[in-house]
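Letter by letter, the chains look like this.
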Amino acid sequence: MALGLLVAGAVVATLIARHRWWLPPLASLQGRPVDRLFLVTLAIISAAFMLVQGLLALFVWLYRDRGQRASYWHEHRALELTYTIVPAVVMTGLTVAAAGLWARIHSAPPPGALVVEVRAEQFGWKARYPGPDGRFGRIDPRLFSPRQNPFALDPADPAGQDDLVLDISTSAALHLVVNRPVEVRLRAKDVVHSFFVPAFRVKQDAVPGMVTRTWFTPSRTGTYEIACAELCGPLHYIMRGRIVVQTQEEFDAWLAAQVRP
């Protein structure tokens, strides 16, 4: 009876979850294998949980106290080998699959990828595009100014003259192109942050004093949220940003409007 209720509850919960899944709709090519590995892991863990709990309930019922003398035996080699080798094989398979996925996600971006730079700070995000020359200008932290030079660009470097800097937490958004790979170079101004876009299944730390990188390919147009996944201070909860994914034509028109004098 109890086992039947447990199975029925699991089936109902699964049917409800199909319509109210906790992951947001997928919007990147790299997210599909991430979701697949997540679901496979969840299925294996769920099956193992139900098997163990079901056996525990069965043994409790079979060997309940009925006044008989308790029996005991030592060692069962076949059983011990089974519950040791089977989990080891499953865990090895999951580890190999996860390592391969990790290597693909952190490989070099393909040629022609859009390159943008994102800087995290307490408590917002700023983005930089290289401009028509395709090169980022030099950064000198000593030149930082909250209003005049928020990205600490070195005015002596000609490559930085056309760089486009945007505050993507308030008035602007990070614009990307659908079905075009993008490499995001991450910096942090103060403490460790984490660039997290749930719809893309992307999460990468931003560490002060170094540039970290991640790349992905947006697969759907629309507006998506950037969150900080690292507790970075008392106002961590307000650290949000926006990403707008659009067609190449729309992106070109937007970029031309930004650099127009």
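The structure displayed is predicted, hence computed values, not measured ones.

(A) Geometry of the pattern of salt bridges. Per the counting criterion, the structure on display carries 12 salt bridges. In this structure, Lys 126 and Glu 121 form a salt bridge, with 3.0 Å as the shortest nitrogen-oxygen distance. Side by side, Lys 126 and Glu 121 carry an identical accessibility label, which is buried. Between Glu 225 and Arg 240 there is a salt bridge, with its nearest N and O atoms 2.3 Å apart. Of the two residues, Glu 225 sits in strand 9 (residues 222–228) while Arg 240 sits in strand 10 (residues 240–246), which places them 15 residues apart along the sequence. Using a relative accessible area of 37% as the deciding quantity, one classes Glu 225 as partly exposed. Its relative accessible area of 47% is what places Arg 240 among the partly exposed residues. Among the charged side chains, a network of salt bridges with common partners joins Glu 117, Arg 128, Asp 163 and Arg 187.

(B) Seen up close, the packing of helix 2 (residues 31–62) against helix 3 (residues 77–105). With their axes 11 Å apart at the nearest point, helix 2 and helix 3 run at an angle of 165° to one another. Comparing their axes, helix 3 and helix 2 come out roughly antiparallel. The element helix 2 and its partner helix 3 pack so that their crossing is left-handed. Packed against helix 2, whose contacting residues are Pro 33, Val 34, Leu 37, Val 40, Thr 41 and Ile 44, the element helix 3 presents Val 90, Leu 94, Ala 97, Ala 98, Leu 101, Arg 104 and Ile 105 at the interface. Partitioning the contact of helix 2 with helix 3 into residue classes produces 11 nonpolar, 1 polar and 1 charged.

(C) Representation of unusual backbone geometry within the structure. Following Gln 122, the chain continues into Phe 123 via a peptide bond in cis, with omega recorded as 5°. Mapped onto the secondary structure, Phe 123 falls in the loop between strand 1 (114–121) and strand 2 (124–129). Notably, Ala 152 is not glycine yet its phi reads approximately 55°, a positive angle. In this structure, Ala 152 sits in the loop between strand 2 and strand 3 (164–167).

(D) Region of interest: the environment of Val 177. Positionally, Val 177 belongs in strand 4 (residues 174–177). Distance from Val 177 to Arg 220, taken between C-alpha atoms, is 9.2 Å for residues 43 residues apart in sequence.

(E) Spatial organisation of the side chain of His 236. With respect to the secondary-structure elements, His 236 resides in the loop between strand 9 and strand 10. Judged by relative accessible area, His 236 falls into the buried class, the value being 19%. Residues in contact with His 236, not counting those within four places in the same chain, are Phe 123, Cys 228, Ala 229, Glu 230 and Leu 231.

(F) A look at the layout of surface pockets. The calculated volume of the largest pocket comes to roughly 860 Å³. Considering the residues around the largest pocket, the lining is formed by 24 residues, among which Leu 51, Val 52, Leu 55, Leu 79 and Tyr 83 are closest to the centre. Secondary-structure elements contributing two or more residues to the lining of the largest pocket are helix 2 and helix 3. Of the residues that constitute the lining of the largest pocket, the class distribution is 17 nonpolar, 5 polar and 2 charged. In this structure, the second largest pocket is lined by 23 residues; those nearest its centre are Val 34, Ile 105, Arg 201, Val 202 and Lys 203. Of all elements in the fold, only helix 2, helix 3, strand 7 (202–206) and strand 8 (212–216) reach the threshold of two or more residues within the lining of the second largest pocket. No other element matches the 5 residues that helix 2 contributes to the lining of the second largest pocket. A breakdown of the residues in the lining of the second largest pocket according to their chemical character gives 15 nonpolar, 5 polar and 3 charged.

Procedures and definitions
- Residues numbered from 1 in each chain as written.
- Predicted model: local features only at pLDDT ≥ 70, side-chain atom pairs only at ≥ 80, totals over all residues.
- Heavy atoms only, no water.
- Salt bridge = Lys/Arg side-chain N within 4 Å of Asp/Glu carboxyl O.
- Buried < 20%, exposed > 50% of the residue type's maximum accessible area, 1.4 Å probe, protein only.
- Helix = DSSP H or I, 4+ residues; strand = E, 2+ residues; numbered from the N terminus.
- Axes fitted to C-alpha atoms, helices over the stretch in contact; angles between N-to-C directions.
- Parallel < 35°, antiparallel > 145°, perpendicular 65-115°, else oblique.
- Left-handed = near helix turned anticlockwise from the far one by under 90°.
- Contact = heavy atoms within 4.5 Å.
- Nonpolar A, V, L, I, M, F, W, Y, C, P; charged D, E, K, R; others polar.
- 1 Å grid on protein atoms, 1.4 Å probe; cavity = no way out; pocket = protein on both sides within 12 Å on 5 of 7 lines; lining within 4 Å.
- Points joined across faces, edges and corners; volume = space filled by probe spheres on them.

Just distances and angles here, no functional claims.
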